[in-house]
Amino acid sequence: EKGGFEHFMLKEIFEQPSVMQDVMRGRIHLEDNTLHLGGVKDHLEKLRKAKRIIICACGTSWHAGLIGEYLIEEFARIPVEVDYASEFRYRTPIISPDDVVMVISQSGETADTLAALRMAKEKGALVMGICNVVGSTIARETTCGMYTHAGPEIGVASTKAFTAQVIVLYMLALALSIGRTIKDEEIALYLKELSEAPQKAASIIAQHADIRAIAKVYKDARNFLYLGRGFNFPVALEGALKLKEISYIHAEGYPAAEMKHGPIALIDKDMPVIFIATRDSTYTKILSNIEEVRTRKGKIIAIATEGDQEISNLADHVIYIPYAAAPVTPLLTVIPLQLLSYYIATERGCNVDRPRNLAKSVTVE
Ligand code: F6R
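The following paragraphs examine the structure supplied in this document. Computed from a predicted structure; not experimentally measured. Each chain carries its own residue numbering, running from 1 in the written order of its sequence. Local features in this predicted model are restricted to residues of pLDDT 70 or higher, and side-chain atom pairs are both shown and tallied only at a pLDDT of 80 or more, whereas totals for entire chains, interfaces and linings draw on every residue. Where side-chain values are given, they derive from all heavy atoms of the structure, hydrogens and water being excluded.

Points about the overall build of the protein
Point 1. Each helix and strand in the protein was counted, giving 14 helices and 12 strands.
Point 2. Only C-alpha atoms enter the radius of gyration; for comparison, a globular chain is expected to reach 2.2 Å times N to the power 0.38, where N is the number of residues. The C-alpha radius of gyration of the protein comes to 20 Å, within 12% of the 21 Å expected for a compact globule of 365 residues.
Point 3. For the C-alpha atoms alone, the extent of the protein along its principal axes is close to 55 × 45 × 45 Å.
Point 4. Exposed residues in this analysis have more than 50% of their type's maximum accessible area, buried residues have under 20%, and partly exposed residues fall in between, with area computed by a 1.4 Å probe over protein chains only. For the protein, with 365 residues in total, the buried portion stands at 59%.
Point 5. Summarising the internal contacts of the protein: among those between residues at least 6 apart in sequence, 74% fall at separations of at least 24.
Point 6. On the protein, roughly 14800 Å² of surface is accessible, and the fraction owed to carbon and sulfur atoms is 50%.
Point 7. In this count, Lys and Arg are taken as positive residues and Asp and Glu as negative ones, while His and the chain termini are left out. A charge is said to be at NZ when it belongs to Lys, at CZ for Arg, at CG for Asp and at CD for Glu. Separation between the mean location of the 41 positive side-chain charges and that of the 45 negative ones in the protein comes to 3 Å. Only DSSP runs of H or I reaching four residues or more are called helices, and only runs of E reaching two or more are called strands; each is numbered from the N terminus. Here a residue-residue contact requires only that any non-hydrogen atoms of the pair lie within 4.5 Å. Areas reported here follow the Shrake-Rupley algorithm with a probe of radius 1.4 Å; residue values treat only the protein chains shown as occluding.

Put into structure tokens, the structure is as follows:
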């Protein structure tokens, strides 16, 4: 059932191009640049008029939520807040009936996320869910929502469910924007960019042997730092989480510009730093962060856009990804980070599908 793969996690990473297509199937229509989001269509007006959208989730789903914040604010210009479900439920949050509370959960059973949803519902907010498991408790208790259609995720570390969540959020953000906050040509462009993601993802996965070679170099590192900005800041957090949970190496993700405010003190020759440095509006800022790490002899692994020569002079290793519009890049940049974690963990002999101390679904708080 692992389809010839050594672990479910690797199978699920490799499945992502086809999962991406499954998530979009029937929902995006390139012939007339429309979106058909069945699970939310009756509530779309209410969603568009929301005074605020509050996203609640845990772990990897929370990282997807952060990307959702950037996407919804960028496209739909609706204020978004992202909260850990466990914090939200215990901090007497301010929720009013013109708020929308959106919960994101692969399993649809996470105790804190479910409690956050119940609390929001009680306060009269419209509750929306993004779940992978069909018929799960969260899916049943939300008023509207969308399934991620990623198929069963068996590996404890979430991979394909994350990319599917990000695609759902991207489609939703566009659906909230049409005829309102962005021009028709932009909708057409962003839909086209999204539809090209699966094929680009496949070309990244095809570089697995090169990524494995990098993993062999760093498998004994004690710490890792992951840095990214904008849409790729949450990807830095996700890359660090993936490494921690399956390889037991301490890793932290930060917005790249925060490096100066503390983490730079940690940098020496034994600190590998992973930079997500795709070509977008903050590229030159990231380059100067890379230079700062280089001056302090940190090891640099960069995720960069194909054709970027400049970065190869600065980084110790570069993993290239095809060019994509900035809002699409998280779907691509996360893949080399998943693969790097997977190969580092397997090189260290870790049981990647069943990491110690972790459960696939956290149904107790
Ligand atoms: C990380 C991971 C966890 C889950 C978290 C939420 O790889 O799997 O951090 O993302 O426990 O789970 P769901 O999405 O099922 O609510």
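Additional details are given in the paragraphs that follow.
Re the environment of Arg294
Point 1. Relative to the assigned elements, Arg294 resides in helix α13 (residues 283-295).
Point 2. When the C-alpha atoms of Arg294 and Ala326 are compared, they prove to be 26 Å apart, with 32 residues separating the residues in sequence.
Point 3. Setting aside residues up to four positions removed in sequence, Arg294 forms contacts with Ile300, Asn313 and Leu314.
Point 4. Here a polar contact is recorded for every N or O atom pair within 3.5 Å, except that within protein the pair must consist of a potential hydrogen donor and a potential acceptor, and residues adjacent in sequence are included only if both atoms are side-chain atoms. At 3.1 Å, the side chain of Arg294 and the backbone oxygen of Leu314 are in polar contact.

So, a negative patch on the surface
Point 1. Each patch is built from residues that are more than 30% exposed by relative accessible area and take part in no salt bridge. Like charges join if they lie within 9 Å; nonpolar side chains (Val, Leu, Ile, Met, Phe, Trp, Tyr) join within 5 Å. For this document, the term salt bridge refers to a Lys or Arg side-chain nitrogen within 4 Å of an Asp or Glu carboxyl oxygen. Together, Glu74, Asp184, Glu185 and Glu186 give the surface a local cluster of negative charge.
Point 2. Among the elements that make up the negative patch, the one with the highest residue count is helix α9 (residues 184-195) (three residues).
Point 3. Position of Glu74 relative to the elements: it lies in helix α4 (residues 59-76).

Some points on the packing of helix α2 (residues 16-24) against helix α8 (residues 160-177)
Point 1. Packing of α2 against α8 brings their axes to within 9 Å, and their N-to-C directions diverge by 35°. Judged by the sense of rotation from one axis to the other, the crossing of α2 with α8 is right-handed. Contact with α2, carried on its side by Gln16, Val19, Met20, Val23 and Met24, involves Lys160, Thr163, Ala164, Ile167, Val168 and Met171 of α8 and no other residues of that element.
Point 2. The residue inventory of the contact of α2 with α8, partitioned by class, reads eight nonpolar, two polar and one charged. The axes are straight lines fitted to the C-alpha atoms, using for helices just the contacting stretch, and the angles between their N-to-C directions are given from 0 to 180°. Helix crossings get a hand from a simple test, with the near helix turned counterclockwise from the far one by less than a right angle marking a left-handed crossing and a clockwise turn marking a right-handed one. Residues were grouped as follows: Ala, Val, Leu, Ile, Met, Phe, Trp, Tyr, Cys and Pro as nonpolar; Asp, Glu, Lys and Arg as charged; and all remaining residues, including Gly, as polar.

Describing the site of the ligand
Point 1. A molecule or strand has a residue near it when one of that residue's heavy atoms lies within 4 Å. With respect to spatial proximity, 14 residues lie near the ligand, and among them Ser61, Ser105, Ser107, Thr110 and Glu245 are the closest.
Point 2. Thr110 places a side-chain nitrogen or oxygen 2.5 Å from an oxygen atom of the ligand.
Point 3. For the ligand, the accessible surface in isolation is 410 Å², of which the surrounding protein chains cover 90%.
Point 4. Of all elements in the fold, only α4 and α12 (233-247) reach the threshold of two or more residues within the shell around the ligand.
Point 5. Its residues assigned to classes, the shell around the ligand shows four nonpolar, eight polar and two charged.

These figures capture arrangement, not role.
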